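Spelled out, the chains give:
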Amino acid sequence: IYLTIDYNIQFQAESLLKEAQKSLNIDSGQIVVLKPDTGRILAIAGLPFFDPNYYSKEKNLDIFQNSAVQKIFEPGSIMKPFTMSMGINEGKITPDTTYIDNGFIKMGPETIYNFDRKKYGQQTMTGVLEKSINTGAVFVSQLISHQTFLDYLDKFGFNNKTGIELQGEVSSKNNINGPDVEFATASFGQGVGVTPLQIARGFSAIANGGKLVRIYVVEKIVKGEKEIDTTPQILDEQVISTKTASQITTMLTSVVERGFGDGAKIPGYYLAGKTGTAQVPFENKKGYYPDKTIQTFIGFGPALNPQFLILVKLDDPKVSSSALSAVPVFRKLAQYIINYWQIPPDYDINNKQ
C-alpha cells in the first residue's frame, strides 16, 4: 500500500505539535494537511504519540485512537465561515451587509455574548469574521430557516463519514431540533460536533470553488503485478456557488490581512483562514468546563490558487486564544510548505500596492 502522506510535511507537523506541548502545555492536538482541489491527505499528525516498538507498555488505551477521525469536537468559531457561506449563498447577505453589535443578544431566557464580552458596534459581515463576533454569526443564522441551516450542514459533510481509508472513523449527527438558541449557538460552532477531518474537508469546498472533494490517504495498492490506482474524485454536488466561495475566500483573506488571524501572515503571500476558540463540553452532563478551550486555526494558501489546506487543533493550550496558539503553528507550517514546494509569491513585498 502506497500512502499519500508526505514524509517531510508529516515530520514537520509532528515536530510543531511537540513544540506546542512544551511551549503551550497542550493536553493533545491534531494537525491535518491536504490538497483542497483533490482531497489528497499530506499529513495527519496527532499528539500524544506512542512508540510502536513499545506499544504493549502503554497504559492509556486512548492513545491508540486517531483523533483526527475517531474523536468528535465542537469546532467553535471556525464554523462561522460556513454560516456566512449559507447566508451569502441564499442571497440573505453580502460581505458588506451591516448590523449593530451590542456585545450580546437575547434568545428567550438565554443571553449569548461575544468572546471576552466585547462590543463592536456597527460591523460588516467581513468584520464579523475578522473579529470573530458571535452575535454576527447569530444575525446571519436568523436570516435563514432552521431547515436550510441543517441542509447545509449535511451538504458540507458534517453528518456523514468522509470515507477515508482509515479504521474506526466516526461521525456525529447534527440534527438540531431544539429551541432557536441551539441554532444560534450552532452558527458559531457550539453544540455541533465534527471530526477534524470533517471540518477540513468542509473547508476545502470553500477553497475549491464550492465543491466537496473525496479525501483519501491511499495512493495506490500493488499486489504482485496488479496495481490499483485511487483516482481523486470531486463530488458532483456544488455545496455553494463559485461566486459564494470566492466571496468567502476574500473575507477569510481579510481575516489574515487585518483580523484576529494576522499572526498567520507571510510576506509575499495572500492566505485565507479563520481562528477558533471553543468551549469544551462536559462528558457526562450539560454545560461546559469554565477553564478549558479547544483552540484552532484553519486556512489555505495561496488564497487565489490554493495549493494546501491546514487545520491546527490544540486541546487546552494555556493561553487565552487561538491567535496566541494555533495561528503561529499554522504560520510555521504554511511557511515550511511554501519553501518546500517553492510556491511563487503573490506579490513583491517591496512593491505591494
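Before going into details, it helps to say that this report is about the structure given with it. (Residues numbered from 1 in each chain as written. Predicted model: local features only at pLDDT ≥ 70, side-chain atom pairs only at ≥ 80, totals over all residues. Heavy atoms only, no water.)

## A short note on the pattern of salt bridges
1) Next: On inspection of all chains with the given rule, the structure shows 7 salt bridges.
2) Next: Residue E227 pairs with K220 through a salt bridge whose shortest N-O separation is 3.8 Å.
3) Next: Notably, a salt bridge pairs D316 with K318, separated by 3.6 Å at the nearest N-O pair.
4) Next: For D316, a relative accessible area of 11% gives the class buried.
5) Next: For K318, a relative accessible area of 46% gives the class partly exposed.
6) Next: Bridged by salt links that share partners, the residues D27, D316 and K318 form one connected network. (Salt bridge = Lys/Arg side-chain N within 4 Å of Asp/Glu carboxyl O. Buried < 20%, exposed > 50% of the residue type's maximum accessible area, 1.4 Å probe, protein only.)

## Remarks on the environment of I343
1) Next: Topologically, I343 is positioned in the segment after α10 (326–341).
2) Next: Residue class for I343 comes out buried when judged on its relative accessible area of 11%.
3) Next: Residues I343 and F300, spaced 43 residues apart in sequence, show a C-alpha to C-alpha distance of 13 Å.
4) Next: Beyond its immediate stretch of four places on either side in the chain, I343 contacts Y269, P302, Q307, F308, I337 and I338. (Helix = DSSP H or I, 4+ residues; strand = E, 2+ residues; numbered from the N terminus. Contact = heavy atoms within 4.5 Å.)

## Details of helix α8 (residues 196–207)
1) Next: Look at α8: 17 Å from first C-alpha to last across 12 residues, which is about the 16 Å you get at 1.5 Å a residue.
2) Next: Among the 12 residues in α8, 12 count as buried, and that is most of the element.
3) Next: Among the residues of α8, those classed as buried are P196, L197, Q198, I199, A200, R201, G202, F203, S204, A205, I206 and A207. (Expected span 1.5 Å × (residues − 1).)

## Looking at the environment of K155
1) Next: Here K155 shows up in helix α6 (residues 146–155).
2) Next: For the pair formed by K155 and V239, sequence separation is 84 residues and the distance between their alpha carbons is 5.8 Å.
3) Next: Aside from chain neighbours lying at most four places away, what touches K155 is L212, E237 and V239.

## Observations concerning the environment of P345
1) Next: Within the secondary structure, P345 sits in the segment after α10.
2) Next: Given the relative accessible area of 53%, P345 is considered exposed.
3) Next: In the structure, P345 is positioned 73 residues away from A272 in sequence and 15 Å away in space, judged by C-alpha atoms.
4) Next: Aside from chain neighbours lying at most four places away, what touches P345 is G268 and Y269.

These figures capture arrangement, not role.
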